[in-house]
Amino acid sequence: MNPFVSSIADRRRWLAGLALSPLAASLAAWPAWARAGAGDCITSSDWSRFAARHIQADGRVIDFDTPQQQSTSESQSYGLFFALVHNDRDTFARVLTWTDTNLAGGSLATRLPAWQWGRQPDGKSWGVLDSNPASDADLWLAYSLLEAGRLWNLPRYRSLGRAVLQMVARDEVTTLDGLGRMLLPWPQSVAKGPTWRLNPSYMPLQLLRYFQQESPRGPWGEIADNTLRMVGAVTPQGFAPDWCAWSSDDKGFVADPDKGPVGSYDAIRVYLWAGMLDAEDPARTSLHKHLYGPRHAIEQGKPMPEYVDTATGVGRGIGPTGYSAALLPYLKAQGAPVPSLPPLSPTHKPLPYYERVLILFGQGWLEGRFAFGKTGELQTHWKSPCPSARPT
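Parameters and conventions
- Residues numbered from 1 in each chain as written.
- Predicted model: local features only at pLDDT ≥ 70, side-chain atom pairs only at ≥ 80, totals over all residues.
- Heavy atoms only, no water.
- Helix = DSSP H or I, 4+ residues; strand = E, 2+ residues; numbered from the N terminus.
- Buried < 20%, exposed > 50% of the residue type's maximum accessible area, 1.4 Å probe, protein only.
- Contact = heavy atoms within 4.5 Å.
- Areas by Shrake-Rupley, 256 points an atom, 1.4 Å probe, with all protein chains shown as cover.
- Pairing = 2+ DSSP bridges.
- Axes fitted to C-alpha atoms, helices over the stretch in contact; angles between N-to-C directions.
- Bend = angle between axes of the 7 residues up to and from the residue.
- Phe/Tyr/Trp six-rings, centres within 6.5 Å; stacked < 30°, edge-to-face > 60°.
- 1 Å grid on protein atoms, 1.4 Å probe; cavity = no way out; pocket = protein on both sides within 12 Å on 5 of 7 lines; lining within 4 Å.
- Points joined across faces, edges and corners; volume = space filled by probe spheres on them.
- Nonpolar A, V, L, I, M, F, W, Y, C, P; charged D, E, K, R; others polar.
- Parallel < 35°, antiparallel > 145°, perpendicular 65-115°, else oblique.
- Left-handed = near helix turned anticlockwise from the far one by under 90°.
- Core = buried A, V, L, I, M, F, W, Y, C linked by side-chain atoms within 4.5 Å.

Novice: Can you break down the overall build of the protein chain residue by residue, with the values?
Specialist: Helices and strands together make up the secondary structure of the protein chain, namely 14 helices and 13 strands. Taking all 392 residues of the protein chain together, 57% fall into the buried category. Of all intrachain contacts in the protein chain linking residues separated by at least 6 positions in sequence, the fraction that spans at least 24 positions is 66%. Of the roughly 15,400 Å² of accessible surface on the protein chain, 51% is carried by carbon and sulfur atoms.

Novice: Give me the sheet that holds strand S7 (residues 244-247): which residues, what numbers.
Specialist: Spatially, three strands are ordered S6-S7-S8 in an open sheet, and the strand pairing comes out antiparallel. Unpaired on one side and paired on the other, strand S6 (195-198) and strand S8 (252-255) mark the two borders of the sheet. Strand-to-strand twist of the sheet, defined as the mean angle between neighbouring strand axes without regard to direction, takes the value 35 degrees. Strand direction decides the pairing type here: S6 and S7, joined by four bridges, are antiparallel.

Novice: How would you summarise the environment of Pro67 if you had to cite specific residues and measurements?
Specialist: Topologically, Pro67 is positioned in the loop between helix H3 (46-54) and strand S1 (71-72). Relative accessible area serves as the criterion here: at 70%, Pro67 is assigned to the exposed category. Spatially, the C-alpha atoms of Pro67 and Gly118 are 9.0 Å apart, while their sequence positions differ by 51 residues.

Novice: Quick one: what's the story with unusual backbone geometry, residue by residue and with numbers?
Specialist: Cis peptide bonds are those with omega within 30 degrees of zero, and the linkage from Gly193 to Pro194 qualifies with 10 degrees. In this fold, Pro194 is placed in the loop between strand S5 (180-183) and S6. Phi angles above zero are rare outside glycine, and Asn153 is one such case at about 55 degrees. Tracing the backbone through its elements, the reader meets Asn153 in the loop between helix H6 (135-151) and helix H7 (155-171). Residue Lys251 is not a glycine yet carries a positive backbone phi of 55 degrees. With respect to the secondary-structure elements, Lys251 resides in the loop between S7 and S8.

Novice: Describe helix H13 (residues 321-333), listing the residues and the values that go with them.
Specialist: Remark: the principal bend of H13, roughly 35 degrees, maps to Leu327, with a proline, Pro329, within the next four residues. Most of H13 is tucked away, with 12 of its 13 residues classed as buried. When we look at burial in H13, the residues that qualify are Thr321, Gly322, Tyr323, Ser324, Ala325, Ala326, Leu327, Leu328, Pro329, Tyr330, Leu331 and Ala333. Positive backbone phi, approximately 95 degrees, marks Gly335, located one or two places after H13.

Novice: Report on the packing of aromatic side chains, specifying residues and quantitative values.
Specialist: All chains considered together, the criterion is met by 34 aromatic pairs. With centroids separated by 5.4 Å and ring planes inclined at 85 degrees, the aromatic side chains of Tyr78 and Phe361 adopt a geometry described as edge-to-face. Separated by 283 residues along the polypeptide, Tyr78 in helix H4 (residues 73-85) and Phe361 in helix H14 (residues 353-366) bring together distant segments of the chain. A relative accessible area of 3% means that Tyr78 is categorised as buried. Looking at Phe361, the relative accessible area reads 1%, which means it is buried.

Novice: Break down the environment of Pro350 for me, citing the residues and quoting the values.
Specialist: Within the secondary structure layout, Pro350 lies in the loop between H13 and H14. When the C-alpha positions of Pro350 and Arg53 are compared, they lie 8.6 Å apart, and in sequence the two are 297 residues distant.

Novice: So, the layout of surface pockets: which residues are in play, and what are the values?
Specialist: Quantified by volume, the largest pocket comes out at close to 700 Å³. Counting only elements with at least two residues in the lining of the largest pocket, the list comes to H4 and H14. Element by element, the count of residues in the lining of the largest pocket is highest for H4, at three residues. Among the residues forming the lining of the largest pocket, the class breakdown is 12 nonpolar, seven polar and eight charged.

Novice: Could you give an account of the sheet that holds strand S2 (residues 116-119), naming the residues involved and the relevant values?
Specialist: Strand order in the open sheet formed by three strands is S1-S2-S3, and the pairing between neighbours is antiparallel. With partners counted over all chains shown, the strands left at the sheet margins are S1 and strand S3 (126-130), one partner each. In this sheet, S3 lies alongside S2 in antiparallel orientation, the contact comprising four bridges. Across the sheet, Gly118 pairs through a bridge with Gly127, a residue of S3. Contacting S1, S2 and S3, helix H5 (residues 89-103) crosses the sheet at an angle of about 85 degrees to S2.

Novice: Could you give an account of empty space enclosed by the protein, with specific residues and numbers?
Specialist: Summed over the entire model, instances satisfying the criterion amount to four cavities of 30 Å³ or more. Elements represented by at least two residues in the lining of the largest cavity include exactly helix H8 (205-214), helix H9 (220-233) and helix H10 (268-276). Taken together, the residues that form the lining of the largest cavity break down as 10 nonpolar, three polar and no charged.

Novice: I'd like a rundown of the packing of H6 against H8, residues and numbers included.
Specialist: Interhelical geometry of H6 versus H8 gives an angle of 55 degrees and a closest axis separation of 11 Å. Classified by the angle their axes make, H6 and H8 are oblique. The two elements H6 and H8 meet at a crossing, and its hand is left-handed. For the pair H6 and H8, the contacting residues are Leu139, Trp140, Ala142, Tyr143, Leu146 and Glu147 in the first and Leu207, Tyr210, Phe211 and Glu214 in the second. Of the residues that constitute the contact of H6 with H8, the class distribution is eight nonpolar, no polar and two charged.

Novice: Could you give me a rundown of the nonpolar core, with the residues and numbers involved?
Specialist: Counting residues in hydrophobic clusters, the biggest one holds 97 residues, and the most contacted among them are Phe81, Phe92, Phe211, Phe361 and Phe370. Those residues within four positions of Phe92 in sequence are excluded, and the remaining contacts are Leu80, Ala83, Leu84, Ser144, Leu145, Ala148, Trp152 and Tyr157.

These figures capture arrangement, not role.
Written out as structure tokens, the structure is:
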């Protein structure tokens, strides 16, 4: 058997085995070349291919699968993170410059970036489509800048990262009656109560732990505690929703008033962040205890659904390739001997931007290209061009 998948369709079928077969059977069926152990190595060019397709020379990270050919603060922040993971200083600088110039009006030190930029409704001009910031992107932006400053010994990045983090705490954190301080998805100025919308995937515990060390007097430790409380309250069937809400009237978490209890493309990141959480984090056991849904589905021979009603556990559709990649760290943390993924073929149509990002996270972590320490610090493997895969 050829160890490298020859087409996108082949890769989709290859990954579908993880979602469509009982867990034990599907993992036992992985060929020997795929079950990389300590000392083995699977080369990966996913980052270089992602950068070649999605990152322009000026540093704009493009999502081609949107009508606006959009760039978002999320895509820019992920571009920064993976440039740092791969020790790509030039790409990091270009992505940061574009973000500063086009999303923050040239003043990222004093202004959080707009979340959406792209083709204007007239079909001809380009610019900001929605000037509101998105807090998940702002957290990843602050984290990547702070860690770039530390790892590359560049104080200007650390200074900028601190400024972004301070603005997030000032503008995107509020005190919810009956809960305490919590990260809003957007600025306080556009948030509305008494039912406060929240997004569980916006709050990776790794980043909150890191910010707690960086800013001990900030809200981050309290937000981490409330995030755990939120996950426990909104996962009655072990699946996380894309959105939920806090009711100041009821003093409890409720279904999101707009999206309802559905879990899909946002929620897949909740399992991803949980899977990559350091084994010594005191919340790890509790977090995985609540997020049992995907593991149980796979054990029962069911597909990981593209959409799931988190109140009933009933799903529909089959999650795309990126879902399978995002679940790799999660399954690894659950004790399953999960292999790394083979690289994408360069001769076929690329996967969408978001799926590629999920692959960069899931596969990169599994291969040992990066990790998050107990206090959230980024651990990289720059000296080895092909680090050993994590033991299965």
